[in-house]
Amino acid sequence: MQVIQKLTVVSNPTRMFEVGNEVNGREVIEIKQVGTSDFSEFWVIDQNEKVIASIENCPVIVEWQQIAEHDEIEKDPQPRVQSKA
C-alpha cells in the first residue's frame, strides 16, 4: 500500500507539508488526494481529523511511501516522487 508522505506545493513561496510535522501548532497525520483528475485536490489533515490545508489546481510534488499491510512483506521501502503540474 502506498500513502502520501510529503506534499510540496510549487508556488512562491514554496510550501511543504509532511506527515509528522506541525503546521500552525497542529500535527499533520495524513495527506490525502481527493478526486482522481489531473486537477485534483489534496487535504492536509491534523490529529483531530480536521483539514489544515486544502490544495487544489496547483503544481505539486507528491512523495509516496510504501507501507506494509497486515501479513504483507514490504517490497520497496524507498519513497516515490510524483510531480503534478
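Residues numbered from 1 in each chain as written. Predicted model: local features only at pLDDT ≥ 70, side-chain atom pairs only at ≥ 80, totals over all residues. Heavy atoms only, no water.

A. Representation of the pattern of salt bridges within the structure. If you walk through the whole model with that rule in mind, you get one salt bridge. A salt bridge links Asp46 to Arg26; its shortest N-O distance comes to 2.9 Å. In this pair, Asp46 sits in strand β5 (residues 41-46) while Arg26 sits in strand β4 (residues 26-34), placing the two residues 20 residues apart along the sequence. (Salt bridge = Lys/Arg side-chain N within 4 Å of Asp/Glu carboxyl O. Helix = DSSP H or I, 4+ residues; strand = E, 2+ residues; numbered from the N terminus.)

B. Fine view of the sheet that holds β5. In space, the four strands of this open sheet follow the order β3-β4-β5-β6, with antiparallel pairing throughout. The sheet terminates laterally at β3 (22-23) and β6 (51-56), the two strands that pair on one side only. By the bridge criterion, two bridges tie β3 to β4 in an arrangement that is antiparallel. Bridging from a neighbouring strand, Glu22 pairs with Glu27 of β4. (Pairing = 2+ DSSP bridges.)

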